[in-house]
Amino acid sequence: MDSVIVARILKNWTRRLLKTALFILLSIAVARLLGNPEIWISYDFAEKVAGCIYADVNAETIYDTYFYISFLTVIFITVTIYICAIKLIKFLRSH
């Protein structure tokens with residue numbers, strides 16, 4: 001009976017590990033595809049966001065703002081792709 005319980009636990013942990021690995025690989029791919037945030041984020045937009053977040057706008061706060069906007073964009077795109085991929089996998093497994 002113990003081996004059945006251990007097998008179930010290992011199966012659950014393996015699925016969680018594979019899902020986490022898929023999410024990390026997707027986020028790396030999305031980040032690499034988007035490229036440098038200074039290219040696709042307008043300086044004026046980053047300056048306005050930095051002005052809202054920080055009281056002082058300087059080079060350091062602009063680079064921090066570029067990072068935060070880039071990070072949030074990568075997470076949002078990755079979550080969207082991940083949810084679609086998981087739904088597609090579940091659909092394909094059920095049919």
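K.L.:
Is there a simple way to explain the overall build of the protein in this structure?
P.N.:
In terms of helices and strands, the protein carries four helices and zero strands. Of the regular secondary structure in the protein, the N- to C-terminal order runs α-α-α-α. Its C-alpha atoms give the protein a radius of gyration of 20 Å, clearly above 12 Å, the size a compact globule of 95 residues would have. By principal-axis analysis of the C-alpha atoms, the protein measures approximately 65 × 30 × 20 Å. For the protein, with 95 residues in total, the buried portion stands at 18%. Of the contacts made within the protein by residues no fewer than 6 positions apart, 62% connect residues no fewer than 24 positions apart. Working note: accessible area of the protein is about 7,700 Å², and carbon and sulfur atoms make up 69% of it.

K.L.:
I'm lost on the environment of Ser27 in this one. Help?
P.N.:
Along the chain, Ser27 falls in helix H1 (residues 2–34). Residue Ser27 is classed as buried on the basis of its relative accessible area, which comes to 17%. Along the sequence, Ser27 and Phe76 sit 49 residues apart, while their C-alpha atoms lie 9.5 Å from each other. In contact with Ser27, other than residues within four places in its own chain, are Val74 and Thr78. A polar atom in the side chain of Ser27 sits 2.7 Å from the backbone oxygen of Ile24.

K.L.:
How should I be thinking about the layout of surface pockets in this particular structure?
P.N.:
One way to see where empty space is left: roll a probe the size of a water molecule over the atoms. Computed from the structure, the largest pocket encloses a volume of approximately 250 Å³. Arg15, Leu18, Lys19, Leu22, Ile86, Ile89, Lys90 and Arg93 are the residues that line the largest pocket. Residue assignment for the lining of the largest pocket shows that the elements contributing at least two residues are H1 and helix H4 (59–94). Among the residues forming the lining of the largest pocket, the class breakdown is four nonpolar, no polar and four charged.

K.L.:
Would you mind going over the packing of aromatic side chains with me for this structure?
P.N.:
Remark: the centre distance and the inter-plane angle together describe each pair of aromatic rings, the angle taken between the planes. On inspection of all chains with the given rule, the structure shows three aromatic pairs. Taking 5.7 Å as the distance between ring centres and 85 degrees as the angle between the ring planes, the aromatic pair formed by Phe23 and Tyr82 counts as edge-to-face. Linking Phe23 in helix H1 with Tyr82 in helix H4, this pair joins segments that are 59 residues apart in sequence. Given a relative accessible area of 17%, Tyr82 falls into the buried group.

Parameters and conventions
Residues numbered from 1 in each chain as written. Predicted model: local features only at pLDDT ≥ 70, side-chain atom pairs only at ≥ 80, totals over all residues. Heavy atoms only, no water. Helix = DSSP H or I, 4+ residues; strand = E, 2+ residues; numbered from the N terminus. Rg over C-alpha atoms; globule rule 2.2 N^0.38 Å. Buried < 20%, exposed > 50% of the residue type's maximum accessible area, 1.4 Å probe, protein only. Contact = heavy atoms within 4.5 Å. Areas by Shrake-Rupley, 256 points an atom, 1.4 Å probe, with all protein chains shown as cover. Polar contact = N/O pair within 3.5 Å; in protein donor to acceptor, adjacent residues only side chain to side chain. 1 Å grid on protein atoms, 1.4 Å probe; cavity = no way out; pocket = protein on both sides within 12 Å on 5 of 7 lines; lining within 4 Å. Points joined across faces, edges and corners; volume = space filled by probe spheres on them. Nonpolar A, V, L, I, M, F, W, Y, C, P; charged D, E, K, R; others polar. Phe/Tyr/Trp six-rings, centres within 6.5 Å; stacked < 30°, edge-to-face > 60°.

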